[in-house]
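# Chains, contacts and geometry: an overview
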Amino acid sequence: MGENLLDRLHARPFGSEERVEAERSQDGLVIRCGEGTAPAGVVLETGSFHFPRAAHLRLVVAGLGSGEQFGLSLVERGGDAPSPPQVLLDAKGGSLKLPPSRPTDVPPSRQFVISCPSGQASLRLKSVALEPGLPSRQISNTGTWLWRADAWLQRPAKVEQWAVASQLDRTFLQLKIDKGEVAHSTALAEFVTRLDRRGISAHAVEGDPAMATADGLGHALRRVAAIRRYQIASPPRARLAGLQFDIESYLLSDFALDPTAIWAQWAETIQALSSAWGEPVSVVVPFWMLDSEAGAAAMAAVRPVISNLTVMAYRTEIGQVTALSEPWLAWGTLNGVPVSVALENGPLGAEVHRTFLRAETGSLLLSMAGRRATVSLFSHPAVARQDALAYAFHHETRVNPARISFMNNRDKLAVARAKLARLLVAWPSFDGLMIHALDETHRGFGGPRILLPEARANEPQASDSDLRRRPAAD
């Protein structure tokens, strides 16, 4: 969306009178039509691409024409263009409103048809782009997470000023719970009231992979009970606007063994936490969750108990963010669930992917015991055994962290915020942006979340990179 798609479209002339020529040039596509009476023109084929599902779009064509007017139509692959065409292009182009496809449909194979007039004419196409088809909305909404309570406890006025300057309309606070109650409840109430006066809502956020386990759920339920008691005891302006859960259960070691079971546990956890809270809760999800049947089933199970969701579309290229968000925005439109799109702004190291090939000797051994696989890396060549396969190092690929995080590049992030806010309004479900580690210059405003006490002894601390990539085991 929002990009010139002309180079991605295959131009195919048609017409029984063979009166059409189409030629690529440095600045576009030149279409020349001779005189004739039979239908003729150029089909712009989309190939393997599909239109964004559930989005309200318009096709904007820009160019320079001479002679009579050309026509523009959208047709199913293999279908005939209507006569007269759906819209006529003027000397500089035009636009065509596209009907949204249902989110549950298989993306239809559609293509565009440029129809020739009956007389001699030419058209130099310069760009073909998909733009939002809905009226412009003021969706500049942006939120962020404040994972460390010390920041707003110690410097509430400074955090308030920073939130206003950052054009936030929502914040998500991780709270301190001490002896079964929300710690510093008076300071929290004052801070929430401060933000409310500024038009900024404050939500509580809870999150840890271990919450999707029996012990972790018990601990989480006790925290929810404490937050609920704060909520009931507080005056209206000091109350939290909601409760969000960022439970990345795919980081549990058992996920690789049985992702279906873990996603089911995740859904059951969200249901239990919503019941304890007494109303629907917000959830944070990885962009790839809907790719699996188990992930999609988990979302269907929690639909009745969620108020909104945030999808972690952690990329910096606008087209990639849009592509990763599209299934979720379509899902939200179908299910009536507001969807926020999250970006990463924090520091990340280069991610290294190493590829190993099967060999007689190598630095990696893979052994199996029942359903559990164990990988061992050696500093010296190891020989394959009866109970272990050997793999030799082949090559290494480094993933540039700038593909995933804006790395506190404020200018680049500002441009992305503006572009995404303009494009994503094409989906009725779009509910603004969320930015992780929005401003790393304010130490303590963002940062790694802390594992639950029950989890520390059993679960390894996940790196920032682990939290943002799809696990290889899936």
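Structure first, text after, so check above.
In what follows, the accompanying structure is described. Here the structure is a predicted model, which means the values were calculated and not measured.

### Section: unusual backbone geometry
With an omega of 5°, the peptide bond between Ser-83 and Pro-84 qualifies as cis. Within the secondary structure, Pro-84 is located in the loop between strand S6 (71-76) and strand S7 (87-88). Positioned with a positive phi, Gln-167 is a non-glycine residue whose angle comes to about 60°. Here Gln-167 shows up in the loop between helix H2 (156-165) and strand S12 (170-173). With a phi close to 55°, Ala-437 is a non-glycine residue in the positive phi region. Looking at where Ala-437 falls in the secondary structure, it is placed in the loop between strand S24 (430-436) and helix H9 (453-456). Residue classification places Ala-437 among the buried positions, given a relative accessible area of 3%.

### Some points on the sheet that holds strand S2 (residues 20-25)
The antiparallel open sheet is built from five strands, whose spatial order is S2-S3-S10-S5-S8. Among the strands making up the open sheet, the edge pair consists of S2 and strand S8 (93-98). Taken over all neighbouring pairs, the strand axes of this sheet differ in orientation by 25° on average, direction set aside. Bridge count between S2 and strand S3 (residues 28-33): six bridges; the pairing is antiparallel. Residue pairing across strands places Val-20 opposite Cys-33, the latter belonging to S3.

### Regarding helix H4 (residues 214-233)
The α-helix advances 3.6 residues per turn, and as a result positions three or four apart in sequence lie on the same side. Its 20 residues place the ends of H4 29 Å apart at the C-alpha level, agreeing with the 28 Å of an ideal helix rising 1.5 Å per residue. Residues of H4 that are buried include every one of Gly-216, Leu-217, His-219, Ala-220, Arg-223, Val-224, Ala-226, Ile-227, Tyr-230 and Gln-231, and no others.

### Considerations on helix H8 (residues 410-423)
The terminal C-alpha atoms of H8, which comprises 14 residues, lie 20 Å apart, in line with the 20 Å expected from a rise of 1.5 Å per residue. Where H8 is buried, its residues meet strand S10 (121-132), strand S11 (142-146), helix H7 (318-335), strand S19 (339-344) and S24.

### A few points about the environment of His-436
Structurally, the position occupied by His-436 is in strand S24. A C-alpha to C-alpha distance of 10 Å links His-436 and Phe-406, two positions 30 residues apart in sequence.

### Overview of the pattern of salt bridges
Overall, the coordinates contain 20 salt bridges when judged by the stated rule. Its salt-bridge partner being Arg-32, residue Glu-23 comes within 3.3 Å of it at the nearest N-O pair. Its relative accessible area of 44% is what places Glu-23 among the partly exposed residues. Since its relative accessible area comes to 37%, Arg-32 is described here as partly exposed. In this structure, Arg-422 engages Glu-131 in a salt bridge whose closest nitrogen and oxygen atoms are separated by 2.6 Å. Of this pair, Arg-422 sits in helix H8 while Glu-131 sits in strand S10, and the two are 291 residues apart along the sequence. In this structure Arg-422 comes out as partly exposed when scored by relative accessible area, which is 43%. Judged by its relative accessible area of 13%, Glu-131 is buried.

Analysis parameters
Here the residue index of a chain counts from 1 through its sequence in written order. Totals for whole chains, interfaces and linings use every residue, but because this is a predicted model, local features are given only for residues with pLDDT of at least 70 and side-chain atom pairs only at 80 or more, for both listing and counting. To get the side-chain values, take all heavy atoms of the structure and skip hydrogens and water. Secondary structure counts use DSSP, requiring at least four H or I residues in a row for a helix and at least two E residues in a row for a strand, with both numbered from the N terminus. Three exposure classes are used, based on accessible area relative to the maximum for each residue type with a 1.4 Å probe and protein chains only: buried under 20%, partly exposed in between, and exposed over 50%. By definition, two strands form a pair when at least two bridges between them are found by DSSP. Whenever a helix is involved, its axis is fitted only over the stretch in contact; in every case the axis is a line through C-alpha atoms, and angles between N-to-C directions fall within 0 to 180 degrees. The length a helix should cover is 1.5 Å for every residue beyond the first. Contacts were defined at the residue level, with two residues in contact if any of their heavy atoms lie within 4.5 Å. By salt bridge we mean one thing: a side-chain nitrogen of Lys or Arg within 4 Å of a carboxyl oxygen of Asp or Glu.

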